[in-house]
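Descriptive analysis of the structure
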Amino acid sequence: MSDSPTGLTQAQKAEQVRSMDLLRFATAGSVDDGKSTLIGRLLLDSKSIFEDQLEAVEATSQSKGYDYTDLALLTDGLRSEREQGITIDVAYRYFATPTRKFIIADTPGHVQYTRNMVTGASTADLGLVLVDARQGLTEQSRRHAVILSLLRVPHLVLAVNKMDLVDFSQEIYEKIHAEFTQFATKLNIPDLEVIPISALQGDNVVTRSEKMPWYSGPTLMHHLEHVHVASDRDLVDVRFPVQYVVRPKSDEHHDYRGYGGMVAGGVLKPGDEVVVLPSGMTSKIAGIDLFDQEVSEAFPPMSVTVRLEDDVDVSRGDMIARPANAPKPSQDIDAMVCWMTNEPLRPRQKLAIKHTTRSARALVKDIQYRLDVNTLHRDQDTKELGLNEIGRVQLRTTVPLLCDPYSKNRATGSFILIDEATGVTVGGGMINSAS
Amino acid sequence: MTETHADYQLSQLDQLEAESIHIFREVAAEFEKPVLMFSGGKDSIVMLRLAEKAFYPAKIPFPVLQVDTGYDFPEVIACRDKWVSRLGVRLIVASVEQAIADGIVVDDGKTSRNRLQIGTLLNALEEGSFTAAFGGGRRDEEKARAKERVYSHRDEFGQWDPKMQRPELWSLYNGRIHEGEHMRIFPISNWTELDIWHYIGREGIEIPAIYFSHQRRVFQRDGMLLTESDFNPLRTGESAEERTVRFRTVGDLTLTGCVESEADTIDKIIDEIAIARVTERGATRGDDRFSEAAMEDRKKEGYF
Ligand SMILES: Nc1nc2c(ncn2[C@@H]2O[C@H](COP(=O)(O)OP(=O)(O)O)[C@@H](O)[C@H]2O)c(=O)[nH]1
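Before going further, it helps to spend a moment on the overall build of chain B. What chain B contains, in helices and strands, is 9 helices and 10 strands. Out of the 304 residues belonging to chain B, those deemed buried represent 63%. Here the analysis covers contacts within chain B between residues at least 6 apart in sequence; of these, 72% occur between residues at least 24 apart. A total of about 11500 Å² of accessible surface is found on chain B, and carbon and sulfur atoms cover 49% of it.

Structure, rendered in structure tokens:
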């Protein structure tokens, strides 16, 4: 897969690499569904595995008395986990084909599950959920899909694995397909693909399976390589959270004052009228710098430095938007929160909150309900959120946040909660609405 | 003016660059006293380049810290000095020799220089009371690194506890630390070795000459090709000869192996890596070879 087509000149190869794009995906599956084997296969078949790594894994497989190479060993992480034979934390893996680079957020199957999956899904363009064809959909597979849809991961793949153990049965695949499609209508999943595979034998992973002629859809790798992610970003609503004020204070650049940040939404151009929030002052974009070059446009997720025509007061935590299209500064936040620590979240609790480049304090006004991620049932009787629970929470912040609903913009619609005493990240939030 | 793409697509290298710049700015904005740990290798040079871009036209708002093992390649030091003077950053050199003389670390004759670096580094971080230290670690380098955060929390002893690491969601980094603690920051976490090389090629970044094919007197030890030098006397049975080689990593020259290679340009290096069948570390880092978990141990002690 990763061999460049022969006959390409050096310049053509460089051009190919330059235009290569990026897909970030998160994987989920219950223990033993074959997730590690599948990732091992993707890495192996895209030639991302080095000989010394493969040899180590072959040796381990042999010493354990296996009669095949256990590809799952390729992605085994820390020693403490290896000793327990489990994975307990999100691991990131990398591979590339000639057209795309992939970053996998590999989320483990059990302990701390929700927390890890939310973390992995937060940056993902695509979610890959594995099921064992023999077992069909389980409570856990539904939970994985729910979390991915809550995190607004725009593309979902359900990989029906171990097809070799069910005689590559079309009937079994169709049943799982139908059941899942039915369930998915309750969720927010813009794009769904259900692919029958054998991670162990490689069927429909990279090469099309001859044993499943009835399946006419793409192989997993083909789908990963071609799924269109560019249009998932918001290119309409200009959102530029100011991260860092660049002031050289040197003779050469004496009057330079620029606002560094990553574009969170929309397309910025020199000459555009802008408003700076929360002050509400307006100005025009004088120029956009990317290192020593001026660029004619900036769009997500570019990191640029924006210069304004007027000498308005702008600092970190402010946001640049368009006068007719700007978020309303809000202190009352309604959000779905995933709680990530042992001590439960309760009303009246005070926490630190970080939203884009803005930090503040937040008071928990109310916990409206706890969401059962298996059944989607809203439990309104509990007034607290335990570890790995997700619920709808009302917050009041000390300073206004410049936010959008998470469904509109994942960057300006998300926040983290921090325990002020320990400094630990204890929650992640997705804004429903703010006022 | 540079025209950007009409379809608002950012190539993966541009996305990686944007993410790294974001991390540099975030740390500069939120931490009192950051420092960039500079090894002299290609990864830390790419870090310097990204930091340069993040703050341009202002200077990089933090110093650069290098641990001098006493056994560094002269080509690496020469390249470092050029970068430092071009960027006008402050360079702090923490010497392992000095740390031994001051009794901060103990040279028992068995411990490698790369390991003695740990104590020297931690001491320098403490002396400078740095609250954030940028490192050039990449998650693709080694299994134990795959779970490393971009912001990696270290306790008062500079130690890393896998269970204490904070979840990292979206691009919202939590930089809160207590007195005496610090954060290791890995701005190029998501870059692979190939990405680094493509970026060096694209940007025309200057790296130490030892990365390119050259003639050198080398000898075999423990399955590695080591450079002949006064620091590294030949043992009985060993003999040096001239070969055409290059280095894939830089470090303590008594422990850093080279590979036979004709690759004398970035493009040739990229071609070579694309078909290379052994990891950078597996091939050429003596101190990682002793056990599979060596890296993890060193990490817990605070090296990375
Ligand atoms: N027959 C068969 N076995 C598989 C397949 N995928 C995984 N396995 C086996 O299922 C077991 C669990 O796989 P593993 O990848 O460790 O699962 P994980 O816990 O989801 O990472 C291992 O023994 C695998 O060899 C498959 O497609 N077919």
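From this point, things continue past the structure.
A few words now on the sheet that holds strand 1 (residues 34-37) of chain B. Residues and elements named next belong to chain B. Pairing in this open sheet of 6 strands is mixed, and the strands run 3-2-1-4-6-5 from one edge to the other. In this open sheet, the two edge strands, each paired with only one partner strand, are strand 3 (91-95) and strand 5 (151-154). Geometrically, the sheet is characterised by an average inter-axis angle of 30 degrees between neighbouring strands, direction not taken into account. Examined bridge by bridge, strand 4 (residues 132-134) and strand 6 (residues 182-185) share 3 bridges and lie parallel to one another.

Right, let's talk about helix 2 (residues 42-55) of chain B for a bit. For helix 2 of chain B, with 14 residues, the first-to-last C-alpha span of 20 Å sits near the 20 Å given by 1.5 Å per residue. In terms of residue burial, helix 2 of chain B counts as a mostly covered element, since 14 of its 14 residues are buried.

The subject of this paragraph is the domain arrangement of chain A. Residue and element names in this part refer to chain A. Split into domains, chain A comes out as domain 1 (14-232), domain 2 (234-325) and domain 3 (329-434). Look at where the C-alpha atoms of domain 2 and domain 3 centre, and you get two points 29 Å apart. Residue-level contacts link 14 residues of domain 2 with 11 residues of domain 3. Interface of domain 2 and domain 3: buried area, both sides summed, is about 1000 Å²; carbon and sulfur atoms make up 55% of it. Between the two partners, domain 2 and domain 3, sit 5 residue pairs in polar contact (both at pLDDT 80 or more). Split by residue class, the side of domain 2 that touches domain 3 holds 6 nonpolar, 3 polar and 5 charged.

A few words on the site of the ligand. Residue and element names in this part refer to chain A. In the vicinity of the ligand there are 17 residues, among which Asp32, Lys35, Ser36, Thr37 and Asp164 approach most closely. Within the backbone of Asp33, a nitrogen or oxygen atom sits 3.3 Å from an oxygen atom of the ligand. Between the ligand and Ala199 there is a distance of 2.9 Å, counted from an oxygen atom to a backbone nitrogen or oxygen. The protein chains hide 81% of the 580 Å² of surface that the ligand would expose on its own. When residues in the shell around the ligand are grouped by element, the largest group, 3 residues, is from helix 2 (residues 35-45). Class assignment for the residues of the shell around the ligand results in 6 nonpolar, 6 polar and 5 charged.

The next subject is the domain arrangement of chain B. Frequently, the measure chosen for interface size is the accessible area that the parts lose on association. Residues and elements named next belong to chain B. Segmenting chain B into domains produces domain 1 (12-191 + 294-301) and domain 2 (196-288). Placing a centre on the C-alpha atoms of domain 1 and another on those of domain 2 gives a separation of 23 Å. The interface is formed by 34 residues belonging to domain 1 together with 31 residues belonging to domain 2. With both sides pooled, the region where domain 1 packs onto domain 2 buries about 2800 Å², and carbon together with sulfur makes up 60% of that total. Here domain 1 and domain 2 share 6 salt bridges between them. Among the ionic pairs, Arg202 bridges to Asp14, the shortest N-O distance being 2.8 Å. Connecting domain 1 to domain 2 are 9 residue pairs in polar contact (both at pLDDT 80 or more).

Formed by 79 residues in total, the largest nonpolar core has its most connected members in Phe25, Leu38, Leu42, Leu128, Leu151, Leu158 and Val160 of chain A. Counting 63 residues, the second largest nonpolar core, distinct from the first, contains Ile23, Val84, Ile207 and Ile270 of chain B.

Calculation criteria
- Residues numbered from 1 in each chain as written.
- Chains lettered and ligands numbered in written order.
- Predicted model: local features only at pLDDT ≥ 70, side-chain atom pairs only at ≥ 80, totals over all residues.
- Heavy atoms only, no water.
- Helix = DSSP H or I, 4+ residues; strand = E, 2+ residues; numbered from the N terminus.
- Buried < 20%, exposed > 50% of the residue type's maximum accessible area, 1.4 Å probe, protein only.
- Contact = heavy atoms within 4.5 Å.
- Areas by Shrake-Rupley, 256 points an atom, 1.4 Å probe, with all protein chains shown as cover.
- Pairing = 2+ DSSP bridges.
- Axes fitted to C-alpha atoms, helices over the stretch in contact; angles between N-to-C directions.
- Expected span 1.5 Å × (residues − 1).
- Domains from an automatic or database assignment.
- Buried area = accessible area lost by both parts, 1.4 Å probe.
- Polar contact = N/O pair within 3.5 Å; in protein donor to acceptor, adjacent residues only side chain to side chain.
- Nonpolar A, V, L, I, M, F, W, Y, C, P; charged D, E, K, R; others polar.
- Near = heavy atom within 4 Å.
- Salt bridge = Lys/Arg side-chain N within 4 Å of Asp/Glu carboxyl O.
- Core = buried A, V, L, I, M, F, W, Y, C linked by side-chain atoms within 4.5 Å.

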